[in-house]
Amino acid sequence: MAKKKSNKKNRPVRYKMHVKKGDTVQVIAGAEKGKVGEIIRTLPKKSMVVVKGVNIRTKHVKPQQEGESGRIINFEAPIHSSKVMLYSSKQKVASRICYTFTPEGRKVRMLKKTGEIID
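Along each chain, numbering runs from 1 in the same order as the chain's sequence is written. Whole-chain, interface and lining totals are the exception, using all residues; otherwise, since this is a predicted model, local features are given only for residues with pLDDT of at least 70 and side-chain atom pairs are given and counted only at 80 or more. Each side-chain value is derived from all of the structure's non-hydrogen atoms; neither hydrogens nor water enter the calculation.

Caption draft 1: Representation of the pairing of strand E1 (residues 24-27) within the structure. One requirement defines pairing of two strands: DSSP has to find at least two bridges between them. Think of it this way: any DSSP run of H or I at least four residues long counts as a helix, any run of E at least two long counts as a strand, and we number them from the N terminus. In this structure, E1 lies alongside strand E2 (residues 36-43), joined through three bridges in antiparallel fashion. Along E2, the bridge assignment pairs Gln-26 with Val-36. Where E1 meets strand E7 (residues 84-88), three bridges bridge the pair, whose relative direction is antiparallel. Following the sheet pairing, Val-27 is matched in E7 by Val-84.

Caption draft 2: Quick peek at the sheet that holds E1. Pairing in this open sheet of six strands is antiparallel, and the strands run E6-E3-E2-E1-E7-E8 from one edge to the other. Of all strands in the sheet, those with a lone pairing partner are strand E6 (79-80) and strand E8 (93-94), marking the two edges.

Caption draft 3: Focus on the pattern of salt bridges. Salt bridges are identified by distance alone: a Lys or Arg side-chain nitrogen within 4 Å of an Asp or Glu carboxyl oxygen. All chains considered together, the criterion is met by two salt bridges. Salt-bridge contacts for Asp-23 lead to Arg-109; the nearest nitrogen and oxygen are separated by 3.0 Å. Taken together, the residues Asp-23 in the segment before E1 and Arg-109 in strand E10 (residues 107-111) connect sequence positions 86 residues apart. Asp-23 sits in the buried class, given a relative accessible area of 8%. Put simply, Glu-32 and Lys-35 hold a salt bridge, and the shortest N to O gap is 2.8 Å. Any residue under 20% of the maximum accessible area for its type is buried, any over 50% is exposed, and the rest in between are partly exposed; the area is computed with a 1.4 Å probe on protein chains only.

Spatial relationships are all this shows, so hold off on functional conclusions.
What follows is the structure, given as structure tokens:
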């Protein structure tokens, strides 16, 4: 993936993503297709997200001190944000989002299929 640079002092671009930390999402593409989980972390500079229980990787760690034994760590690796779609736990369906306003005038995210307000 080539790094894009913005015009202001060559800082990396921060992509606007349709998901936030804490959202429940469903994976819609790749080896993990169909899995549902919560977003633990977002990486806006790479347009990637870390989803709980999805894309589990194994890392073998060498012992750091004498007498300590090595260990195996399992962790969630990031996946691209375009591979996830917001998920309604109530109606068990994935949906795109749209932005709408509440009667108080606050801008909120809403699922298109169900009309459920997220924020």
